[in-house]
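# Descriptive analysis of the structure
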Amino acid sequence: MKAIVIEEYGDKNVLVEKDIERPSISENQVLVEVYATSINPIDWKVRAGYLKEMLPFEFPIILGWDAAGVIVEVGSNITNFKVGDRVFARPATTNRGTYAEYLSVDANLLAKMPEEMSFEEAASIPLAGLTAWQCLVDFGNIQEGEKVLIHAGAGGVGIFSIQIAKSFGAYVATTASENNIEFLTSLGADEVINYKENDFSEVLNGFDLVLDSMGGDIQSKSYKVLKENGKLVSIVQPPNEEEAANFNAEAGFVWLEPNGEQLQKLADLYVEGKVKPVIGKTFDFSEQSLKEAHALSETHHARGKIVIHVK
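Because the structure is predicted, anything quoted here is derived from the model rather than measured.

With that out of the way, let us pick up the overall build of the protein chain. Check the secondary structure of the protein chain and you find 10 helices and 16 strands. Seen through its principal axes, the protein chain has C-alpha atoms that stretch 55 × 40 × 35 Å. A separation threshold of at least 6 residues defines the contact pool for the protein chain, and within that pool the share at least 24 residues apart is 67%. When the accessible surface of the protein chain is totalled, it reaches about 13,600 Å², and 45% of it is carbon and sulfur. Looking at charge distribution, the protein chain has the averaged site of its 27 positive side-chain charges lying 3 Å from that of its 46 negative ones.

Before going further, it helps to examine the pairing of strand β5 (residues 67-74). The sheet contact formed by strand β3 (residues 29-39) and β5 spans six bridges and is antiparallel. Directly across from valine 30, in β5, lies its bridge partner valine 74.

Turning next to the sheet that holds strand β13 (residues 226-234). Taken in spatial order, the six strands of this open sheet run β11-β10-β9-β12-β13-β14, and their pairing is parallel. Two strands close off the open sheet at either side, each with one partner strand: β11 (191-194) and β14 (250-253). Direction aside, the axes of adjacent strands within the sheet are offset by 15 degrees on average. As paired elements, strand β12 (residues 207-212) and β13 share five bridges and run parallel to each other. When the bridges of β13 are listed, leucine 209 appears paired with lysine 231. Against the sheet, helix α3 (residues 126-139) touches β9 (147-150), β12, β13 and β14, its axis set at about 145 degrees to β13.

What follows covers the environment of aspartate 284. Considering the arrangement of structural elements, one finds aspartate 284 in strand β15 (residues 279-284). Judged by its relative accessible area of 45%, aspartate 284 is partly exposed. Beyond its immediate chain neighbours, meaning those up to four positions away, aspartate 284 contacts Ser289, Leu290, Ile308 and His309. Side chain to side chain, aspartate 284 and serine 289 meet in a polar contact 2.3 Å long.

Each value, and the rule that gives it
Residues numbered from 1 in each chain as written. Predicted model: local features only at pLDDT ≥ 70, side-chain atom pairs only at ≥ 80, totals over all residues. Heavy atoms only, no water. Helix = DSSP H or I, 4+ residues; strand = E, 2+ residues; numbered from the N terminus. Contact = heavy atoms within 4.5 Å. Areas by Shrake-Rupley, 256 points an atom, 1.4 Å probe, with all protein chains shown as cover. Lys, Arg positive; Asp, Glu negative; His and termini not counted. Charge placed at Lys NZ, Arg CZ, Asp CG, Glu CD. Pairing = 2+ DSSP bridges. Axes fitted to C-alpha atoms, helices over the stretch in contact; angles between N-to-C directions. Buried < 20%, exposed > 50% of the residue type's maximum accessible area, 1.4 Å probe, protein only. Polar contact = N/O pair within 3.5 Å; in protein donor to acceptor, adjacent residues only side chain to side chain.

Laid out in structure tokens, this is it:
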């Protein structure tokens, strides 16, 4: 099968196309023919070697942790999926990712795609959607009527976070540049702070929950907008315990755990019209296209998800 791999750490030019063996499956796995995948910042962070101590993978590494496709083989223990099912997943974090024509996936990490969902839409949901869900629902225990601040609303996690928070009946504020204000309002944001013109920590207060995707000073200033015993959850750096204690805040760090059941809940929200993926740009499945897709992701200014059309 065709795959785009890296055989060393480095810039986007270490991405190379290779013909490698199609994966085999265990009794609790299925083999998925991949129709689409998407790009996430973790892809190029692994590629650059930033995560090599945390994820000590052997080369060659196939990057990518979002997949949508069709099941072509099922393990002997599998009863809830069959050949021909359209599925999507955030597979386990291994060195055999989704920049490939076939992928073996643990069945408990799969969700069935709704009929009306395209493969490109499905591929854009798992990693960013599950991250948003685990921050807001699992950590934040989000409730109707609460006030939530989501940083970088136009990013992959931000787009899903706004929509998930609104589906729970929360009041949502977000930060963005001026050219994304209208877009984020259309997703349901109640208040969009233009970070180039306003300091969010001086205009917002009384919030129950902050989702931090920026870290550094932004994380530190976020405590100021929280009410007493408010919560801060970060996806970029573990919060400083002393700093959180100074503000009587509950602070934590979320590292995504793949979860098929939660993915199915996101599929249900899609069917209900409450969560819609936003695809910024689509690339074809080639060495050159993957290099361009990584370069775009690394600008930090891609609106919506970057999707790779595999089949």
